[in-house]
Amino acid sequence: MIEIKNLNKSFGNNKVLKNINLNIKRNETIAIIGPSGSGKSTLLRCLNLLEIPDHGEVRIDDSYFNSHHSHKEDTLKFRQKTAMVFQGFHLFQNKKVIDNIALPLMVVQKMKKDKALKYAEEFLDMVGLKEKRHVMPQQLSGGQQQRVAIARALALNPSVILFDEPTSALDSELVGEVLDLIKKVSIHTTSVIVTHEIEFARDVADRIVFIDEGQIIEVGKTKDILDHS
Ligand code: ADP
Ligand code: MG
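Residues numbered from 1 in each chain as written. Chains lettered and ligands numbered in written order. Predicted model: local features only at pLDDT ≥ 70, side-chain atom pairs only at ≥ 80, totals over all residues. Heavy atoms only, no water.

Asker: Just to check I follow, could you spell out the overall build of the protein chain for this structure?
Answerer: Check the secondary structure of the protein chain and you find 8 helices and 10 strands. Its C-alpha atoms give the protein chain principal-axis dimensions of about 45 × 40 × 30 Å. Across the 229 residues in the protein chain, those meeting the buried criterion constitute 50%. On the protein chain, roughly 11,500 Å² of surface is accessible, and the fraction owed to carbon and sulfur atoms is 48%. Once the 31 positive and 30 negative side-chain charges of the protein chain are each reduced to a mean point, those two points are 7 Å apart. (Helix = DSSP H or I, 4+ residues; strand = E, 2+ residues; numbered from the N terminus. Buried < 20%, exposed > 50% of the residue type's maximum accessible area, 1.4 Å probe, protein only. Areas by Shrake-Rupley, 256 points an atom, 1.4 Å probe, with all protein chains shown as cover. Lys, Arg positive; Asp, Glu negative; His and termini not counted. Charge placed at Lys NZ, Arg CZ, Asp CG, Glu CD.)

Next comes the structure, spelled out in structure tokens:
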């Protein structure tokens, strides 16, 4: 369960998020849509504290952030509630595919190496890339790299996965395999997906949030939002 209350974020004089309020239920899939520059990425980044909100509160399960009292240890704990999938994959290019998944488990969750490798292999299998475990990311297609990034996010067992335009960097013929995987994943996880793929949003999202100029303009059930616009 995620609660976002009165969230505000500015960069200098640029008010990028203006009083965002939103509750997200466990296992819900939210699609965030809106024009370029409207604050979608900043909202996701505030949910994992890659950006620190100026005002407001965010609760993710038992972790709580409040702009008035923030402590470094709390921030680290809070961050572990989320995993992010970026437009540009953000894999470690100098590490083998399997290590891209195992290393965060060892570093962040202090998992033993044997266990982390076994775990990584299971998640690679789940995204259909077990046979690629010993190659370097550059040897994979963009769609395959993004599937590795999704496996890495899932392996961390976060309360919510944040997807920031996960298919925008892909050649069109590779978009489908990634959307299919996200659709499968989102059935069992709480997901917030920033996307321009309206048909995908219609297919996968329980609710749509439409953002413009840093404000939530509309929020509602997917059918209600997309069928009247
Ligand atoms: P979207 O993802 O909807 O395209 P963003 O959240 O990336 O929008 O950006 C919203 C606004 O915030 C834009 O005006 C952008 O220039 C500004 N912005 C985003 N990140 C930063 C930053 N780190 N420093 C300064 N301005 C930023
Ligand atoms: Mg963005």
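We are not done yet, so read on.
Asker: How should I be thinking about the pattern of salt bridges in this particular structure?
Answerer: When their charged atoms lie close together, side chains carrying opposite charge are able to pair. Scanning the entire structure with this criterion turns up 12 salt bridges. A salt bridge links Glu121 to Lys130; the shortest N-O distance between them is 3.9 Å. Here Glu121 falls in the partly exposed class, since its relative accessible area comes to 26%. On the basis of relative accessibility, which here comes to 31%, the residue Lys130 falls in the partly exposed class. As a salt-bridge pair, Glu121 and Arg133 come within 3.5 Å of each other at their nearest N and O atoms. In this pair, Glu121 sits in helix α4 (residues 113-126) while Arg133 sits in the loop between α4 and α5 (142-155), placing the two residues 12 residues apart along the sequence. One network of salt bridges, in which partners are shared, links Glu121, Lys130 and Arg133. (Salt bridge = Lys/Arg side-chain N within 4 Å of Asp/Glu carboxyl O.)

Asker: Just checking my understanding: could you explain helix α1 (residues 40-47) for this structure?
Answerer: Along an α-helix, a turn takes 3.6 residues, which lines up residues three or four apart on a common side. Of all 8 residues in α1, 6 are buried; the element is thus mostly enclosed. Looking at the residues trailing α1, positive phi occurs at Leu49, about 60 degrees.

Asker: For this particular structure, what's the right way to read the site of ligand 1?
Answerer: If you check the shell around ligand 1, you find Phe11, Asn14, Val16, Pro35, Ser36, Gly37, Ser38, Gly39, Lys40, Ser41, Thr42 and Glu51 and nothing else. Within the side chain of Lys40, a nitrogen or oxygen atom sits 2.8 Å from an oxygen atom of ligand 1. Burial of ligand 1 by the protein amounts to 59% of the accessible area it has alone, namely 560 Å². Residue assignment for the shell around ligand 1 shows that the elements contributing at least two residues are β2 (14-24) and α1. The residue inventory of the shell around ligand 1, partitioned by class, reads 3 nonpolar, 7 polar and 2 charged. (Near = heavy atom within 4 Å. Polar contact = N/O pair within 3.5 Å; in protein donor to acceptor, adjacent residues only side chain to side chain. Nonpolar A, V, L, I, M, F, W, Y, C, P; charged D, E, K, R; others polar.)

Asker: Looking at this structure, I do not really get the packing of aromatic side chains. What am I missing?
Answerer: Given two aromatic rings, one states the distance between the centres and the angle between the planes to describe the pair. Counting across every chain of the model gives 2 aromatic pairs. Residues Tyr119 and Phe123 carry aromatic rings whose centres are separated by 5.5 Å and whose planes lie at 45 degrees to one another, so their mutual orientation is tilted. You can see Tyr119 and its partner Phe123 sitting in helix α4, 4 residues apart, about one turn around the helix. On the basis of relative accessibility, which here comes to 14%, the residue Phe123 falls in the buried class. (Phe/Tyr/Trp six-rings, centres within 6.5 Å; stacked < 30°, edge-to-face > 60°.)

Asker: How should unusual backbone geometry be read in this particular structure?
Answerer: Glycine aside, negative phi is the norm for most residues, and most peptide bonds take the trans geometry. A positive phi angle is found at His90, which is not glycine, with a value near 55 degrees. Relative to the helices and strands, His90 is located in the loop between β6 (82-85) and α3 (97-108). Given a relative accessible area of 47%, His90 falls into the partly exposed group.

Asker: What's the story with the environment of Phe86 in this structure? I'm lost.
Answerer: Along the polypeptide, Phe86 turns up in the loop between β6 and α3. The buried category is assigned to Phe86, whose relative accessible area is 18%. With 25 residues separating them in the primary sequence, Phe86 and Asp61 have C-alpha atoms 23 Å apart. Once you skip the residues sitting within four places of it in the chain, Phe86 turns out to touch Leu50, Gln146 and Asp164. (Contact = heavy atoms within 4.5 Å.)

Asker: Which parts of the structure should I look at to understand the environment of Tyr119?
Answerer: Classification of Tyr119 by relative accessible area gives partly exposed; the value is 27%. Separated by 21 residues in sequence, Tyr119 and Ile98 have C-alpha atoms that sit 9.6 Å apart. Residues in contact with Tyr119, not counting those within four places in the same chain, are Leu105, Met111 and Ala155.

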